Amino acid sequence: MSAEDGLPTGLREQLRARLGPKGMVEEAGDIVPHLSDWRGLYHGRTPCVLRPASTVELAAAVALCHAAGVPMVPQGGNTSMSGGSVPDASGRQVVVSLARMNRLRALDPVDMTMTVEAGMVVRTVQDLAVEAGCQFPLAFGGDGTAMVGGMLSTNAGGNTTVRYGNARELTLGLEVVLPDGRVIDALRRLRKDNTGYALRQLFIGAEGTLGFITAAVLRLFPPVRDKALALCAVEAPEAALALFRRFRDRDETALRAFEYISGSAMRLVLERIEGTSLPLAGPAPHYVLIDLAASHPQAGLRGFLEAVLEEALDAGEVTDAVVAESEAQRQAIWRLREETPEAQRRAGASIKSDVSVPVSRVPELIRRCFEAMPAIVPGAEPVAIGHLGDGNIHMNLQQPPHLSAEAFMAHAEAVMNAVNEITGSLGGSFSAEHGVGRIKVKTMAKWRGGAELETMRRIRAALDPEGLMNPDVLFPPATGHRAP
Ligand code: 2HG
Ligand code: ZN
């Protein structure tokens, strides 16, 4: 190994020869964007960024790195909320960007499937599906930058889980480059395929610890031909849950998203994001965004939405509501929800917890966390948004003006632990959709320790005995007993 190079002798030349000039980023300035995460929590180093153009090229590069014992960090759009896609500070971990592998391999509107490469941006998947007269329903705030590989490696959920499930439920087949460079080609577009272990489900959500997802067969659905959307003011989290139950009971097939926005989140967006305004009579303690969609062009969703809202107003669940009158207003209302993370970023540092509980426990989660978080950092305001319909709330705390970002972030662990304790007591999960990444490896030991984590370690050891794949995510360092 040459010290300043960070790579074992000869490997750089071998990689150059295999990947060509476009396949490697070596200039320090060009490497920089690959070294930090979106939230600015982690800053690492890497000897180079590999940018293979095909599965064959990637497999060859991985085999070379594997033979040389070089750790690899897969990277797509680099939008991880948990620090899952950047290298550590050692300067030994090679970043492998999937960005050039962004082709559409097949789209079949009869089978309702789309075979895409890992570097395709999720928004492009959505757009191509619409062009073909279908839809790919998975949607989340970062989908204009995030790529298919990251979407699958974190089992992304987002806004439409209530109707369509997570990335897992939307994937029929996968192609994977294993840590030693061998390729699993399981790009089958079958709804029934009982041939042993569902291996694809192992790689989905593995955060790159078991290999590189290079392509996937995604499920498509009939297009949205009728839709309706409302923003509602509600007095209490219990009312938001009651409203969700009302809509689900009247027609659960109509719900496409049922989102929660705390009064504090809405205020931050209105203050920090240009061009936003509240389309209601005045501010409220909590808000709910209801998005309905159907493939039938005359599903009558607008009338249905108004009728159910009328009932909810009579029942006191809703205090004010607006129904979108145009596509522009619809988008403006969605922006009020989707811009919260950006508004939080502009307002300073934030301590984030991405938790889920059974949907019945959401009000208790909100109440208890809103009390517990400021008790740890007096003066700091809880800011919560989330996907109420599937029980996933982003329970965040905003940096108060009287504390520096550093002094505030020193409380991060205590705040996240408090939220996790409450979540755990309600039968929930400390990571709903953002993954474990680096930020929650310790939490993993506490909440998934014992046989569950041990089984994951064994699976990992079977596929990657040297621990070369994304070494710093998911697993807490093994302690004491013999762990594989
Ligand atoms: C969302 O739902 C994202 O907007 C980000 O998952 C949540 O910033 C957050 O806490
Ligand atoms: Zn989310």
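Above this text sits the structure in question.
How each quantity is defined
Residues numbered from 1 in each chain as written. Chains lettered and ligands numbered in written order. Predicted model: local features only at pLDDT ≥ 70, side-chain atom pairs only at ≥ 80, totals over all residues. Heavy atoms only, no water. Helix = DSSP H or I, 4+ residues; strand = E, 2+ residues; numbered from the N terminus. Buried < 20%, exposed > 50% of the residue type's maximum accessible area, 1.4 Å probe, protein only. Contact = heavy atoms within 4.5 Å. Near = heavy atom within 4 Å. Polar contact = N/O pair within 3.5 Å; in protein donor to acceptor, adjacent residues only side chain to side chain. Areas by Shrake-Rupley, 256 points an atom, 1.4 Å probe, with all protein chains shown as cover. Pairing = 2+ DSSP bridges. Core = buried A, V, L, I, M, F, W, Y, C linked by side-chain atoms within 4.5 Å. Salt bridge = Lys/Arg side-chain N within 4 Å of Asp/Glu carboxyl O.

## Re the environment of Gly181
For step 1, the next point in the chain: On the secondary structure map, Gly181 appears in the loop between β7 (171-177) and β8 (183-186).
For step 2, the next point in the chain: Judged by its relative accessible area of 14%, Gly181 is buried.
For step 3, the next point in the chain: For the pair Gly181 and Val56, spaced 125 residues apart in sequence, the C-alpha to C-alpha distance is 9.3 Å.
For step 4, the next point in the chain: Excluding residues that lie within four positions of it along the chain, Gly181 makes contacts with Ala59, Val62 and Ala63.

## Description of the site of ligand 1
For step 1, the next point in the chain: Taken together, Met81, Arg337, Pro341, Lys352, Ile385, His387, His394, Asn396, Glu433 and His434 make up all the residues around ligand 1.
For step 2, the next point in the chain: One nitrogen or oxygen atom from the side chain of His387 is found 3.1 Å from an oxygen atom belonging to ligand 1.
For step 3, the next point in the chain: The separation between an oxygen atom of ligand 1 and a polar side-chain atom of His394 is 3.0 Å.
For step 4, the next point in the chain: Protein contact buries 92% of the 300 Å² of open area that ligand 1 shows by itself.
For step 5, the next point in the chain: Of all elements in the fold, only β16 (381-387) and β17 (392-398) reach the threshold of two or more residues within the shell around ligand 1.

## Considering the pairing of strand β6 (residues 113-117)
For step 1, the next point in the chain: For β6, a buried count of five out of five residues is recorded, marking the element as mostly surrounded by other parts of the structure.
For step 2, the next point in the chain: Side chains Thr113, Thr115 and Glu117 project from β6 onto one buried face, and the interleaved Met114 and Val116 project onto a second face that is buried too.
For step 3, the next point in the chain: Relative to β6, strand β5 (residues 104-108) is paired through four bridges, and the arrangement is antiparallel. Following the sheet pairing, Leu104 is matched in β6 by Val116.
For step 4, the next point in the chain: The antiparallel pairing of β5 with β6 creates a hairpin that spans four residues between the two strands, and Met112 there sits at a positive phi of about 55°.
For step 5, the next point in the chain: Strand direction decides the pairing type here: β6 and strand β9 (residues 212-219), joined by five bridges, are antiparallel. Bridge pairing in β9 places Glu117 opposite Ala215.

## Details of the nonpolar core
For step 1, the next point in the chain: Counting 48 residues, the largest nonpolar core has Leu243, Phe247, Phe258, Ile290, Leu305, Leu365 and Met395 as the members making the most contacts within it.
For step 2, the next point in the chain: Residue assignment for this core shows that the elements contributing at least two residues are β10 (226-234), α8 (237-251), β11 (255-262), β12 (286-294), α10 (301-314), α13 (362-376), β17 and α15 (412-425).
For step 3, the next point in the chain: In terms of residues, this core owes the most to one element, α8, which gives six residues.
For step 4, the next point in the chain: When residues no more than four places from it in sequence are discounted, the contact partners of Leu243 are Cys232, Val234, Phe258, Val288, Ile290, Ala312, Glu317 and Val318.
For step 5, the next point in the chain: Met151, Ala156, Tyr164 and Leu174 belong to the second largest nonpolar core, which has 30 residues in total.

## Topic: the pattern of salt bridges
For step 1, the next point in the chain: The tally for this structure, following the rule as stated, stands at 34 salt bridges.
For step 2, the next point in the chain: The partner of Asp111 in a salt bridge is Arg189, and the shortest N-O contact between them spans 3.3 Å. You can see Asp111 sitting in the loop between β5 and β6 and its partner Arg189 sitting in the loop between β8 and α7 (199-203), a full 78 residues away along the chain.
For step 3, the next point in the chain: Classification of Asp111 by relative accessible area gives partly exposed; the value is 40%.
For step 4, the next point in the chain: A salt bridge links Glu306 to Arg302, with the nearest nitrogen and oxygen atoms 2.7 Å apart. Linking Glu306 with Arg302, this pair stays in helix α10, spanning four residues, or about one helical turn.
For step 5, the next point in the chain: A relative accessible area of 34% places Glu306 in the partly exposed class.
For step 6, the next point in the chain: A single network of salt bridges, built from pairs that share partners, joins Asp5, Arg12, Glu13, Arg16 and Glu26.

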